[in-house]
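Understanding the architecture of this molecule
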Amino acid sequence: MQPELPIVMGHRGAPSIAPENTLLGFTACFQAGARWTETDVCLIGDGTPVIFHDSTLDRCTDQSGSVADIDCADLSRINANQAFPEQGFQSIPTLRQALVHFEALGMGINLELKRHDHVAPEALVEAVGNVFKTSDFPAGQLMLSSFDFDALRLAREAFPTATLAVIAENLDADVLDVAAELKASAVNLWWETLSFDQVRQARAKGLLVNIWTANQPEKVASMIEWGVTSLMSDCPQLFQA
Ligand code: G3P
Ligand code: MG
């Protein structure tokens, strides 16, 4: 199934104006006009899937150390808003909490499966799958993506009809091979090395091309003319015109 993607998605929400990968940040992203966002899911120590990018707490929270060393019970005491103190305490959302929030907003998500070193791909995909099995999040509002080919293969087994995207810096041959093997809908590529030829090759294989992380409208405008479907931005507010 080919998803209906908007031209502009948030990237971790709208981290230029609100804390990344938080419920508040997703609301800010929606209010900035983006109807989809990219976001990251990883596992903490007790196997709970949470919305968080890094393998450590150091950059985004008021704590330090590995995400492998925290459990669900710790989430309520960790402040995931270091960038915008005036916006107050924000916890790391569980995937389940985030799905409820996205559904209430009517937002679609490009959910990046982030496999940190302490987690096997099987554990990540199983835990994420268990959340979706007990959620009524609309399939048409979800795209699962990853840099990790093993995680994507397991995701295809667990979600036979899901929309998948292969993330890569460059459109190397193995990326196109995996996309074909997994019947992926899209390749999510790094805009800085993107060429017209890469877009042409991917589109010729029936793939959508989405780009990350596009924060300067003038630098990516021509890529939309090349055939890029959607761009992920830290600054969705800059792209609405
Ligand atoms: O999903 C694309 C993009 O988010 C990949 O890089 O490090 O921002 O998750 P990163
Ligand atoms: Mg990401």
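Cut-offs applied
- Residues numbered from 1 in each chain as written.
- Chains lettered and ligands numbered in written order.
- Predicted model: local features only at pLDDT ≥ 70, side-chain atom pairs only at ≥ 80, totals over all residues.
- Heavy atoms only, no water.
- Donors = N, O, S within 2.8 Å, 3.2 Å for Na, K, Ca; no water.
- Helix = DSSP H or I, 4+ residues; strand = E, 2+ residues; numbered from the N terminus.
- Buried < 20%, exposed > 50% of the residue type's maximum accessible area, 1.4 Å probe, protein only.
- Near = heavy atom within 4 Å.
- Polar contact = N/O pair within 3.5 Å; in protein donor to acceptor, adjacent residues only side chain to side chain.
- Areas by Shrake-Rupley, 256 points an atom, 1.4 Å probe, with all protein chains shown as cover.
- Pairing = 2+ DSSP bridges.
- Right-handed = clockwise from strand over helix to strand, strands pointing away.

All right, on to the coordination of the magnesium ion (ligand 2) then. Taken together, the protein donors to the magnesium ion (ligand 2) comprise E38 (OE), D40 (OD) and E112 (OE), at separations of 2.0 to 2.2 Å. Spacing between the donor residues of the magnesium ion (ligand 2) along their common chain follows E-x1-D-x71-E. Pair noted here: D40 is in strand β2 (residues 36-43) and E112 is in strand β4 (residues 108-113), with a separation of 72 residues, a long-range link. Each member of the pair D40 and E112 is classed as buried.

Time to look at the site of ligand 1. Looking at ligand 1, the residues that line it are H11, R12, E38, D40, H53, E112, K114, F147, I167 and W212. In this structure, an oxygen atom belonging to ligand 1 sits 2.7 Å away from a side-chain N or O atom of E38. Within the side chain of K114, an N or O atom sits 2.9 Å from an oxygen atom of ligand 1. Across the complex, the protein chains shield 90% of the 290 Å² of accessible surface that ligand 1 would expose by itself.

Right, let's talk about the pairing of strand β9 (residues 230-233) for a bit. Neither face of β9 is open: one carries S230 and M232, the other L231 and S233, and all of them are buried. In this structure, strand β1 (residues 8-11) lies alongside β9, joined through 3 bridges in parallel fashion. Across the sheet, residue G10 finds its bridge partner in β9, namely S233. For the handedness criterion, the β-α-β arrangement of strand β8 (residues 208-212), helix α7 (residues 217-226) and β9 is classed as right-handed.

W212 connects to T213 through a cis peptide bond whose omega is -20 degrees. Note on placement: T213 falls in the loop between β8 and α7. Positive phi values are uncommon outside glycine, yet R12 reaches one of about 60 degrees. For R12, the location among the structural elements is in the loop between β1 and α1 (23-31). For R12, a relative accessible area of 16% gives the class buried. For N21, which is not glycine, the phi torsion reads 50 degrees and is therefore positive. As for its position among the elements, N21 is in the loop between β1 and α1.

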